[in-house]
Amino acid sequence: MSIIAIVGRPNVGKSTLFNRLVKRREAIVDSVSGVTRDRHYGKSEWNGKEFSVIDTGGYIVGSDDIFEGEIRKQVQLAIDEADIIVFVVDVEQGITPMDAEVAKILRQVEKPLFMAVNKVDNAMRDADAVEFYNLGLGDYYTISSINGSGTGELLDAIAQEIPKPDENEDKEDELPRFAVVGRPNAGKSSFINALIGEDRNIVTNIAGTTRDSIDTKYNRFGFEFNLVDTAGIRKKSKVKEDLEFYSVMRAVRAVEHCDVAILVIDATRDFEGQDEKIFWLAEKNRKGVIILVNKWDLVEKETNTMRDFEAKVRQAIAPFTDVPIVFISALTKQRIFKAIETAVDVFENRKRRIQTSKLNETMLEIMEHNPPPATKGKFIKIKYCMQLPTHTPQFAFFANLPQYIRDPYKRYIENQLREHYNFNGVPISIYFRQK
């Protein structure tokens, strides 16, 4: 899936444009719990083409008084990692020295590049936009990201640059794909080396579908799968500030191309902001997730150390807490096999299909005992349910008044499904429809 990065100096309206691009789809994707955990990454669709959008502005440290060097780094990162770049400028301010700086870097880019002149909401401003030809980036698109005018034309042009999804891609490779993701220095490489061992003759490196993650075919202990390694590939001497942005960009690619995300976290540090970001990234993409707490051999143990650590992680990932957490040490190889076994289980859970008759038998009885609360004096009756024929577990419940069913009841239904069927580690989507 293509990644589109929005770049430009602060206060030109990058975030507003970002919201406009992802809004269409977001409303559907995130109806689950009504939260977008990460406001700087979203998925979108236009003319039948799906893509991811990243607002680079959201990753700048100390956004108010930004040094030009900081902007330059952001632009460079977007050039390295994204497939398409949208450069936003502001017609009210005209060309500023910083715009000129950014344009200078962008002139050398081989990738598709679109310049969006923002805040053009009348004919006068349309005429003012002409000055942006001076940046030497060719044609531009005039938009107003506040009211959306012009964004359709911009998206049409972007969609033409996005390749059609390859029909054969899925058929070609039936093996499960596990992506090892996590913040820098959590021990992703050590985990992979512990798995593969030194006898690398069992490894066949396939050029990855993404240009910076390597697929390793893994065949041991009766398991066979592709391991997508995002660790330590194309290491760059990055400065501390943009490491976060860089590893999030990289995780986006890896997660979108996998079936199960294996999130490695460092036991000597808490479950941190960036770990959460990557976790919600997998959840938003409806991928299987398993959390590996690495370096467990370095932690001072008391009676309930493991239980307390696990409780803390589950609190951070609520409401989606039905996720396996395995404590490992890549160094001593403790529970390495358990980790892979669990990932395979999650992969199987993600494919689980429940027979419609059995599903109705179980769920209708539960909902009869505990129906949705009546709203405005109207009684809600759910009459039928089924699993939808989709890649990931999605369920439709047919009711007389679906619009009155609230989130808490939705969560109750999800918990009942999880209690009766094994969807450990897998996000579930539930829809209520009119019967």
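Residues numbered from 1 in each chain as written. Predicted model: local features only at pLDDT ≥ 70, side-chain atom pairs only at ≥ 80, totals over all residues. Heavy atoms only, no water.

Caption draft 1: View of the overall build of the protein chain. Looking only at helices and strands, one finds 13 helices and 16 strands in the protein chain. When the 435 residues of the protein chain are sorted by exposure, 53% land in the buried category. Counting only carbon and sulfur atoms, one obtains 49% of the accessible surface of the protein chain, whose full area is about 20,600 Å². (Helix = DSSP H or I, 4+ residues; strand = E, 2+ residues; numbered from the N terminus. Buried < 20%, exposed > 50% of the residue type's maximum accessible area, 1.4 Å probe, protein only. Areas by Shrake-Rupley, 256 points an atom, 1.4 Å probe, with all protein chains shown as cover.)

Caption draft 2: Region of the structure containing the pairing of strand S11 (residues 260-266). Burial runs high along S11: seven of the seven residues are buried. Judged from the four bridges that link them, strand S7 (residues 177-181) and S11 form a sheet pairing that is parallel. Counted as the bridge partner of valine 180 is isoleucine 262 from S11. Sheet topology places S11 next to strand S12 (residues 288-294); seven bridges connect them, and they run parallel. Within the sheet, the bridge partner assigned to isoleucine 265 lies in S12 and is valine 293. (Pairing = 2+ DSSP bridges.)

Caption draft 3: Structural detail: the pairing of strand S16 (residues 429-434). In this sheet, S16 lies alongside strand S15 (residues 394-399) in parallel orientation, the contact comprising six bridges. Its bridge partner being in S16, alanine 396 is matched across the sheet by tyrosine 431. Note on the crossover from S15 through helix H13 (residues 407-420) to S16: the handedness is right-handed. (Right-handed = clockwise from strand over helix to strand, strands pointing away.)

Caption draft 4: Spotlight on the nonpolar core. Within the largest apolar cluster, 60 residues are counted, with the highest numbers of intra-cluster contacts made by Phe87, Leu106, Val181, Phe271, Phe279, Ile291 and Val293. Those residues in contact with phenylalanine 87, other than ones at most four positions away along the chain, are Val7, Gly8, Asp99, Val102, Ala103, Leu106, Leu113, Phe114, Met115, Ala116, Leu135 and Leu137. In terms of nonpolar packing, the next biggest core, distinct from the first, is built from 28 residues, Ala186, Ile290, Ala343 and Phe347 among them. (Core = buried A, V, L, I, M, F, W, Y, C linked by side-chain atoms within 4.5 Å. Contact = heavy atoms within 4.5 Å.)

Caption draft 5: A look at the packing of helix H12 (residues 356-369) against H13. Between H12 and H13, the least distance of the axes is 11 Å, while the angle of their chain directions is 135 degrees. If you check the angle between H12 and H13, you find them oblique. With respect to the hand of their crossing, H12 and H13 are arranged in right-handed fashion. Contacts between H12 and H13 involve Leu359, Thr362, Met363, Ile366 and Met367 on the former and, on the latter, Tyr409, Tyr412, Ile413, Gln416, Leu417 and His420. Looking at side-chain class alone, the contact of H12 with H13 contains eight nonpolar, three polar and no charged residues. (Axes fitted to C-alpha atoms, helices over the stretch in contact; angles between N-to-C directions. Parallel < 35°, antiparallel > 145°, perpendicular 65-115°, else oblique. Left-handed = near helix turned anticlockwise from the far one by under 90°. Nonpolar A, V, L, I, M, F, W, Y, C, P; charged D, E, K, R; others polar.)

Caption draft 6: The arrangement of unusual backbone geometry in detail. Of note, the amide linkage connecting alanine 318 to proline 319 takes the cis form, showing an omega dihedral of 5 degrees. Of note, the phi angle at lysine 119 is positive, near 70 degrees, even though the residue is not glycine. Its relative accessible area of 23% is what places lysine 119 among the partly exposed residues.

Caption draft 7: Main features of H12. Counted at 1.5 Å a residue, the expected span for H12 with its 14 residues is 20 Å, and the 20 Å between its end C-alpha atoms agrees. Of all the residues in H12, the buried ones are Leu359, Asn360, Met363, Ile366 and Met367. Looking straight down H12, one finds its buried side chains confined to an arc of 150 degrees; they lie on one side. In H12, the exposed residues that point more than 90 degrees away from the buried face are Glu361, Glu365, Glu368 and His369. Here the buried face of H12 lies against strand S14 (382-387), S15 and H13. (Expected span 1.5 Å × (residues − 1). Arc of directions from axis to C-beta.)

Caption draft 8: Geometry of the sheet that holds strand S6 (residues 141-142). One open sheet accounts for six strands, arranged S2-S3-S1-S4-S5-S6; its pairing is mixed. Every other strand in the sheet has two partners, leaving strand S2 (41-46) and S6 as the edge strands with one partner each. Of the pairings in the sheet, the one linking S2 to strand S3 (residues 49-55) comprises six bridges and is antiparallel in character. Note on S3: the bridge partner recorded for glutamate 45 is glutamate 50. Each of strand S1 (2-7), S2, S3, strand S4 (84-90), strand S5 (113-118) and S6 touches helix H5 (residues 151-161); the most contacted strand, S5, lies at about 170 degrees to it.

Caption draft 9: View of the packing of helix H7 (residues 188-196) against helix H11 (residues 336-351). Relative orientation of the contacting elements H7 and H11 amounts to 95 degrees, with a least axis distance of 10 Å. By the angle between their axes, H7 is roughly perpendicular relative to H11. Every residue of H11 that contacts H7 at Phe191, Ala194 and Leu195 is listed here: Ile336, Ala339 and Ile340. Of the residues assigned to the contact of H7 with H11, the class counts are six nonpolar, no polar and no charged.

Caption draft 10: View of the packing of aromatic side chains. With the rule as written, the count across this model stands at 14 aromatic pairs. With 4.7 Å between their ring centres and 35 degrees between their planes, phenylalanine 178 and phenylalanine 225 make a pair best called tilted. Of this pair, phenylalanine 178 sits in strand S7 while phenylalanine 225 sits in strand S10 (residues 223-229), and the two are 47 residues apart along the sequence. When its relative accessible area of 0% is taken as the criterion, phenylalanine 225 is described as buried. Between phenylalanine 309 and phenylalanine 327 the ring centres are 6.0 Å apart and the planes differ by 75 degrees, which places this aromatic pair in the edge-to-face class. Separated by 18 residues along the polypeptide, phenylalanine 309 in helix H10 (residues 305-317) and phenylalanine 327 in strand S13 (residues 325-327) bring together distant segments of the chain. Among the residues examined, phenylalanine 327 registers a relative accessible area of 3% and is labelled buried. Pairwise contacts between aromatic rings join Phe178, Phe225 and Phe347 into one cluster. Positioned above the aromatic ring of phenylalanine 398, the side-chain terminus of lysine 435 is 5.9 Å from the ring centre. (Phe/Tyr/Trp six-rings, centres within 6.5 Å; stacked < 30°, edge-to-face > 60°. Lys NZ or Arg CZ within 6 Å of the ring centre and 35° of its normal.)

Caption draft 11: Spotlight on the environment of phenylalanine 114. Looking at where phenylalanine 114 falls in the secondary structure, it is placed in strand S5. Residue phenylalanine 114 is classed as buried on the basis of its relative accessible area of 8%. Along the sequence, phenylalanine 114 and valine 88 sit 26 residues apart, while their C-alpha atoms lie 8.5 Å from each other. When near neighbours in sequence (up to four residues on either side) are disregarded, phenylalanine 114 contacts Ile84, Ile85, Val86, Phe87, Tyr141, Leu154, Ala157, Ile158 and Glu161.

By themselves, these are just geometric observations and shouldn't be taken as functional.
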